[in-house]
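Structural overview for review
For reference, the chains in residue letters:
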Number of protein chains: 2
Amino acid sequence: MLQNAAPTCQLANFVASVRFEDLPPRVIDMARDLAIDWYGSCIAGGGARAVEALHRTCAALMPGQGPCTVLPTGEKAGIYVAAMLNAAACHVVEQDDVHNGSVFHPAAVVFPAVFAVAEARNLGGPAVIEAVVAGYETGIRVGEFLGRSHYVHFHTTATVGAIAAAAAVGRLLGLDTKQMLHAFGSAGTQAAGLWEFLADAADSKQLHTARASANGLFAAFSAAEGLTGASDIFGGTHGMGAALSQDAEPARLTEGLGQRWAICETSYKWHASCRHTHPAADALAEVMAREGLRADDIERVTAHVHRAAIDVLGAVIVPETVHQSKFSMGTVLGLVAVHGRAGVEEFDRLALACPDVAAFRDRVTMVHSPEVEAVYPRKWLGRVTVKTRDGRFLSGSTDDPKGDPGNPLTWNELLAKADGLIRYYRPQEAEARLVWLDRLTRLPQAPSLAELFR
Amino acid sequence: MLQNAAPTCQLANFVASVRFEDLPPRVIDMARDLAIDWYGSCIAGGGARAVEALHRTCAALMPGQGPCTVLPTGEKAGIYVAAMLNAAACHVVEQDDVHNGSVFHPAAVVFPAVFAVAEARNLGGPAVIEAVVAGYETGIRVGEFLGRSHYVHFHTTATVGAIAAAAAVGRLLGLDTKQMLHAFGSAGTQAAGLWEFLADAADSKQLHTARASANGLFAAFSAAEGLTGASDIFGGTHGMGAALSQDAEPARLTEGLGQRWAICETSYKWHASCRHTHPAADALAEVMAREGLRADDIERVTAHVHRAAIDVLGAVIVPETVHQSKFSMGTVLGLVAVHGRAGVEEFDRLALACPDVAAFRDRVTMVHSPEVEAVYPRKWLGRVTVKTRDGRFLSGSTDDPKGDPGNPLTWNELLAKADGLIRYYRPQEAEARLVWLDRLTRLPQAPSLAELFR
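Residues numbered from 1 in each chain as written. Chains lettered and ligands numbered in written order. Predicted model: local features only at pLDDT ≥ 70, side-chain atom pairs only at ≥ 80, totals over all residues. Heavy atoms only, no water.

**Things to note about the overall build of chain A**
- Counting its secondary structure elements, chain A contains 20 helices and 8 strands.
- Rg of the C-alpha trace for chain A: 21 Å, near the compact-globule value of 22 Å for 454 residues, within the 12% margin.
- For chain A, the spread of C-alpha atoms along the principal axes amounts to about 70 × 50 × 40 Å.
- Looking at chain A alone, contacts between residues at least 24 apart form 78% of all its contacts between residues at least 6 apart.
- Accessible area of chain A: about 14400 Å², with a carbon and sulfur share of 51%.
- Across chain A, the mean location of the 40 positive side-chain charges is 1 Å away from that of the 49 negative side-chain charges. (Helix = DSSP H or I, 4+ residues; strand = E, 2+ residues; numbered from the N terminus. Rg over C-alpha atoms; globule rule 2.2 N^0.38 Å. Contact = heavy atoms within 4.5 Å. Areas by Shrake-Rupley, 256 points an atom, 1.4 Å probe, with all protein chains shown as cover. Lys, Arg positive; Asp, Glu negative; His and termini not counted. Charge placed at Lys NZ, Arg CZ, Asp CG, Glu CD.)

**Section: the packing of helix α2 (residues 25-44) of chain A against helix α4 (residues 79-90) of chain A**
Residues and elements named next belong to chain A.
- Relative orientation of the contacting elements α2 and α4 amounts to 90 degrees, with a least axis distance of 7 Å. Taken together, the axis directions place α2 and α4 in an arrangement best described as roughly perpendicular. On the side of α2, the interface is formed by Trp 38, Ser 41 and Cys 42, while α4 contributes Asn 86, Ala 89 and Cys 90.
- By residue class, the composition of the contact of α2 with α4 is 4 nonpolar, 2 polar and no charged. (Axes fitted to C-alpha atoms, helices over the stretch in contact; angles between N-to-C directions. Parallel < 35°, antiparallel > 145°, perpendicular 65-115°, else oblique. Nonpolar A, V, L, I, M, F, W, Y, C, P; charged D, E, K, R; others polar.)

**A closer look at the interface of chain B and chain A**
- Taken together, the contacts link 57 residues of chain B with 57 residues of chain A.
- Overall, the association of chain B and chain A removes approximately 4800 Å² of surface from exposure, summing both partners, and the carbon and sulfur fraction of that is 62%.
- At the junction of chain B and chain A, the tally comes to 2 salt bridges.
- With its nearest N and O atoms 2.8 Å apart, the salt bridge here joins Glu 225 of chain A to Arg 56 of chain B.
- Applying the counting rule to chain B against chain A returns 33 residue pairs in polar contact (both at pLDDT 80 or more).
- For the side of chain B that touches chain A, a count of residues per class yields 29 nonpolar, 20 polar and 8 charged. (Buried area = accessible area lost by both parts, 1.4 Å probe. Salt bridge = Lys/Arg side-chain N within 4 Å of Asp/Glu carboxyl O. Polar contact = N/O pair within 3.5 Å; in protein donor to acceptor, adjacent residues only side chain to side chain.)

**Observations concerning the side chain of Ser 204 of chain B**
- Along the chain, the position of Ser 204 of chain B falls in helix α9 (residues 204-224).
- The class of Ser 204 of chain B is buried, set by a relative accessible area of 1%.
- For Ser 204 of chain B, the contacting residues outside a window of four places in its chain are Thr 189, Thr 228, Gly 229 and Ala 230 of chain A together with Phe 197 of chain B. (Buried < 20%, exposed > 50% of the residue type's maximum accessible area, 1.4 Å probe, protein only.)

**A look at the sheet that holds strand β8 (residues 393-398) of chain B**
Residue and element names in this part refer to chain B.
- If you walk across this open sheet you meet the 4 strands as β6-β5-β7-β8, and the pairing is mixed. At either margin of the open sheet sits one strand with a lone partner, and together these are β6 (364-368) and β8. Between one strand axis and the next, the sheet turns through 25 degrees on average, direction left out of account.
- Pairing geometry for strand β7 (residues 382-388) and β8, over 6 bridges, is antiparallel. Paired with Arg 383 across the two strands is Ser 397, which belongs to β8.
- With respect to the sheet, helix α11 (residues 278-291) is in contact with β5 (298-305), β7 and β8, its orientation differing from that of β8 by roughly 125 degrees. (Pairing = 2+ DSSP bridges.)

**Here we look at helix α18 (residues 411-424) of chain A**
Residue and element names in this part refer to chain A.
- The terminal C-alpha atoms of α18, which comprises 14 residues, lie 20 Å apart, in line with the 20 Å expected from a rise of 1.5 Å per residue.
- Every buried residue of α18 is accounted for by Leu 414, Lys 417, Ala 418, Leu 421 and Ile 422. Take α18 and look down its axis: the buried residues cluster within an arc of 130 degrees, on one side only.
- In this structure, the buried side of α18 is in contact with α2, α15 (344-351) and α19 (430-440).
- Looking one or two residues past α18, Arg 426 carries a phi angle of roughly 45 degrees, positive in sign. (Expected span 1.5 Å × (residues − 1). Arc of directions from axis to C-beta.)

**Topic: the layout of surface pockets**
Residues and elements named next belong to chain B.
- Approximately 760 Å³ is the volume found for the largest pocket.
- Counting residues per element, the ones that place at least two in the lining of the largest pocket are α6 (125-153) and α12 (307-313).
- Looking at which element gives the most residues to the lining of the largest pocket, the answer is α6, with 7 residues.
- Class assignment for the residues of the lining of the largest pocket results in 12 nonpolar, 11 polar and 15 charged.
- Looking at which domains feed residues into the lining of the largest pocket, each of domain 1 (7-267 + 418-452) and domain 2 (275-398) gives three or more. (1 Å grid on protein atoms, 1.4 Å probe; cavity = no way out; pocket = protein on both sides within 12 Å on 5 of 7 lines; lining within 4 Å. Points joined across faces, edges and corners; volume = space filled by probe spheres on them. Domains from an automatic or database assignment.)

This is the structure in structure tokens:
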């Protein structure tokens with residue numbers, strides 16, 4: 001251990017020392033469950049236009065096969081390309097996990113890099129789980145450290161994603177504390193990803209996860225090869241906190257290291273849409289169930305939301321693409337109200353095509369809520385007010401949207417969600433992918449990732 | 001042409017339309033000279049520890065051969081890896097070019113990407129020169145747009161470098177205005193690179209050029225494959241100006257497009273050190289020559305400098321590595337005073353080992369100068385005050401450090417510099433590299449880059 005008490009160094013030291021044998025069973029179970037959840041998302045995204053464009057780009061620039069599986073297609077590629085393409089695919093259907101407090105999607109950047117390296121090096125489940133835990137514990141804390149001001153311009157999953165992937169791969173490679181600091185330094189100085197793409201509904205979200213995962217992977221490998229990086233890329237005078245945030249809090253980097261397992265705070269997505277829509281969707285479902293309302297009974301819905309929801313979703317009034325509709329509060333609430341579900345199939349079939357959803361969408365507005373804001377991002381409260389056609393004003397609410405730690409998916413729901421996502425892309429190949437899913441349910445005992453994907 | 005008057009769109013339109021046939025002869029000559037200058041720097045950096053670490057990292061993550069030459073070693077690689085490794089190599093000996101007004105090193109990011117693509121696609125000199133001009137004109141303007149506040153935390157060559165490389169490769173691929181905007185969007189959302197590494201003299205400068213060139217290349221190729229990006233990544237609400245600068249000026253993006261050729265404002269480096277040391281070095285040489293002083297005659301030197309010089313160089317008091325000594329004002333002035341030169345050989349042999357240089361180094365201080373600051377970064381004024389051992393106070397000055405547009409290298413100096421850099425790395429292979437240099441002197445007429453490097 002380095003004799004340096006700086007939070008960055010404490011974090012590096014912790015991450016470099018994570019051992020499977022020392023992890024509480026609930027942490028191991030959670031890592032396994034998140035792997036299953038991520039895997040389904042990754043398969044489901046394989047056919048997206050942006051993912052296919054990135055696939056062709058990699059083929060032109062980095063041709064050649066390798067030992068790693070590009071999961072949606074089953075093709076083989078080198079470590080870097082496989083990580084990049086799996087990361088591009090797994091975020092696009094908006095079903096991958098999210099950590100509330102850091103507003104960060106860890107799976108999308110951690111698993112692609114870890115699985116690619118583990119498959120190439122023939123590593124087993126325990127090594128994978130150590131790495132995944134290292135990635136989640138690091139990325140979540142760095143996201144919290146950067147604070148809410150960071151999220152104004154920056155897509156945290158892109159910026160922090162590189163750090164999380166570097167920590168995860170760094171653990172997999174067995175980096176010591178000093179090397180881990182170099183990996184952090186090299187990853188942090190590549191941290192990038194702006195929200196500007198939302199204004200055009202451009203494809204950058206897929207580029208962001210792809211590059212973050214690959215950049216973190218690259219940083220960890222380069223540290224193993226002796227490339228040095230800044231020793232305090234988080235807290236330094238010209239580090240990420242100074243350059244990319246206005247309210248960075250170094251103490252968050254080490255909060256509860258070894259006692260608090262941030263990975264267990266991760267939320268699963270139930271609806272296939274931007275997480276900022278979920279609390280209101282569940283609050284609407286709550287009041288409709290409680291009062292026995294149908295969509296037609298509702299004249300108007302007001303969603304009471306936090307500021308970031310308005311920032312991220314606000315631009316989308318009338319969505320033009322299915323992906324864009326996942327960022328439309330009105331569409332998501334319309335799918336839930338009219339069809340009772342907002343899964344990948346409902347989005348494809350109904351988000352743009354169903355006139356009832358469109359009509360409902362136009363009856364939804366968002367307003368900023370101090371109550372919701374006060375506890376965000378620690379808690380994502382769902383609050384809606386409904387005006388019925390017969391003149392009543394009703395309130396719907398949830399304090400734990402479906403998938404949150406206080407309201408998790410059951411084992412069966414988790415598997416059913418993954419099953420549905422796997423059948424969503426190339427259904428004719430689903431059987432082979434379901435075999436891999438079955439093996440993933442025994443990830444902690446898997447002797448070899450290479451065998452798992454055989 | 002898109003009917004959009006936004007500066008970003010005007011710039012994209014200009015860049016997408018650059019034609020070799022329309023370029024003034026002095027622009028073509030300049031592009032050729034910069035290619036020669038860059039090539040020498042690229043060969044010279046091949047043996048640096050950081051470059052070799054990046055080489056091994058690429059070999060582990062992106063194995064496989066390709067049609068592109070890794071210039072220092074002559075190995076063949078795919079487009080992406082060749083661009084990355086040549087970009088890593090060409091910045092490390094601190095001899096590559098710089099544009100004063102944007103504080104940006106264009107060659108280090110533009111040429112690696114352009115040469116790799118041109119070699120793979122068997123393109124000739126005119127296409128290369130169009131692309132290089134597109135890269136320089138874009139990168140320089142985006143650097144000026146981001147302003148001086150950007151440079152406080154961000155290494156402009158890293159951040160803007162991705163845009164410059166995207167513009168250059170975009171032109172080489174024949175992107176239209178709309179595709180070029182997508183390439184800008186994808187490059188800009190990957191723009192990263194923090195100065196924090198300077199605190200540890202870490203290797204990130206090489207990582208920065210490598211990644212910037214590769215990220216820009218990737219952005220351009222992905223745009224050609226249909227990946228969309230933000231349409232106003234510079235001026236948008238969550239774009240680079242908003243997120244990475246406090247004083248961004250959109251008008252700078254289009255300043256003199258088609259009349260002003262920013263590429264011709266580029267400076268060559270004479271001394272093999274950080275550009276912030278050059279004005280004072282030349283001012284010291286000036287007063288020593290004028291007054292007939294030797295190093296021993298000098299009791300103290302005060303360098304009057306701009307703020308950025310203090311920010312970038314200030315950390316280095318007693319350098320521990322040769323690369324670090326290139327950021328030590330005292331060492332650079334010591335080499336010039338004691339040995340009359342601060343080239344790559346002098347740094348290796350004398351920067352750390354010569355007691356006279358070390359003694360001189362300790363007699364140098366920097367102070368902030370309002371006069372120098374007032375015209376920076378447009379002009380980089382050199383001002384020193386010398387106190388002699390016999391009690392005189394003398395001033396040295398230059399308004400145009402060696403290599404600046406007002407004081408350029410002669411053709412013979414340019415070739416001699418390149419010759420020396422080529423012989424610096426693997427001298428036993430210099431003859432083959434000098435053949436390529438000779439062909440590069442006829443770049444505008446070269447029918448094929450693939451043949452040039454055969």
